Amino acid sequence: MHEATDRRPRALLAMAPQVAEELLTPAHHERLGRLVRTDPGLLASDFTDPGPALAAALAEAEVLLTCWGVPRLTADVLARAPRLRAVVHAAGTVKGFVTDACWERGIQVSSAAGANALPVAEYTLAAILFSGKKVLDSARGAREPGGRRDWHRELRAAGNYRRVVGLVGASRVGRRVLELLRPFDFEVLLHDPYVSEADAAALGARSVGLAELCARASVVSVHAPELPSTRHLIGAAELAAMPDGATLVNTSRGSLIDESALLAELASGRLSAVLDVTDPEPPLPGSPFYSLPNVLLTPHVAGSLGNEVHRMADHALDEIERWTRGEPFAEPVAAEGLHLSA
């Protein structure tokens, strides 16, 4: 296509090199090339000393395709990108790199947070089902001599029939978990101060206060955003209110849990936990989280990884295609709501 008649907008990829290798397949690159003009071998992972080729690409870029490892879009960076009109993020939160300067310029922003929420919700569903079946306990018992026979008696209180599940936060992940729970015989409680009783009922849950949720639920799963107001949202009082044998699931952020109080409950054996996130992350060397038998600890793997990142790439390219046609983003990020999201 002749340069003078090529109306495809200019694009620049901004992410860590290893992320680009995992995110974009040859088919993705082919589709991207049909939508925009870009050099797939040119990646912006540092705007402080871009070099002439990257500086030229930034100056011409109308849209950025970003993912993990994208540099912050400061006022200085945007001054060197006078034609930039849109940012399409092929991952979840944009808080780490979208600055006030972006909103002041009127730059449109899209995120694949919805696509990234799906595997987190799937992980959560598995954690809820395994918790009800007391999988941690039974797996430990199966390794003991005669354990299979003895542990059947111990597990009479296990099972997922009419078990009470409590979700803290109707975020994207929380709402997807609610959808996934519908086919099961659970009673679902929801605590979210921004969701009405009617809206909670429409989602398949009953709206309750946090104290009631913790007191009644056999499994408490946390899906609230990390904000100053949600730090230690699940504290000593909430943990103490949880029934004996209950399980806490956290796929949100470690700061939402008072981990000192949680460790005391776990050490007593009264509660169990499934933790994909901690504070700090990973836990410090020697942390009891590594050795407590009633803790399932995973290294922040609930979100997109492996072939799941291709779902985010597909979503991002769908958004770029909408943008090139002059259509609004399906998953826009608004400045006014960003302070309440992850």
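Preceding this section is the structure that the text describes.
So, here's what we can say about the structure. (Residues numbered from 1 in each chain as written. Predicted model: local features only at pLDDT ≥ 70, side-chain atom pairs only at ≥ 80, totals over all residues. Heavy atoms only, no water.)

## With respect to the overall build of the protein
The secondary structure content of the protein amounts to 14 helices and eleven strands. Counting only C-alpha atoms and orienting by the principal axes, one finds that the protein spans roughly 75 × 45 × 35 Å. Within the protein, the fraction of its 342 residues that count as buried is 49%. Taking all contacts inside the protein whose residues are at least 6 apart in sequence as the whole, residues at least 24 apart take part in 66%. Of the roughly 16,400 Å² of accessible surface on the protein, a fraction of 54% belongs to carbon and sulfur atoms. Positive and negative side-chain charges in the protein, numbering 34 and 42 respectively, have mean positions lying 5 Å apart. (Helix = DSSP H or I, 4+ residues; strand = E, 2+ residues; numbered from the N terminus. Buried < 20%, exposed > 50% of the residue type's maximum accessible area, 1.4 Å probe, protein only. Contact = heavy atoms within 4.5 Å. Areas by Shrake-Rupley, 256 points an atom, 1.4 Å probe, with all protein chains shown as cover. Lys, Arg positive; Asp, Glu negative; His and termini not counted. Charge placed at Lys NZ, Arg CZ, Asp CG, Glu CD.)

## Observations regarding the side chain of Arg 163
Along the polypeptide, Arg 163 turns up in the loop between helix H8 (147-154) and strand S5 (164-168). Here Arg 163 occupies a buried position and makes no salt bridge, while the nearest side chain of opposite charge, Asp 137, is found at 9.9 Å. At 2.5 Å, the side chain of Arg 163 and the backbone oxygen of Gly 159 are in polar contact. Discounting chain neighbours no more than four positions away, the residues touching Arg 163 are Gly 132, Ala 157, Ala 158, Asp 185, Phe 186, Glu 187 and Ser 218. (Salt bridge = Lys/Arg side-chain N within 4 Å of Asp/Glu carboxyl O. Polar contact = N/O pair within 3.5 Å; in protein donor to acceptor, adjacent residues only side chain to side chain.)

## Remarks on the nonpolar core
In terms of nonpolar packing, the biggest core is built from 28 residues, with Met 15, Leu 23, Leu 65 and Ile 320 touching the most fellow members. Elements supplying a minimum of two residues to this core: strand S1 (11-14), helix H1 (17-23), helix H2 (26-35), strand S2 (63-66), strand S3 (86-89) and helix H14 (309-324). Apart from residues no more than four positions distant in its own chain, Ile 320 is found in contact with Leu 32, Leu 35, Val 36, Leu 65 and Val 88. With 27 residues, the next largest nonpolar core counts Leu 210, Val 220, Ala 261 and Phe 289 among its residues. (Core = buried A, V, L, I, M, F, W, Y, C linked by side-chain atoms within 4.5 Å.)

Just geometry here; none of it tells us what the structure is for.
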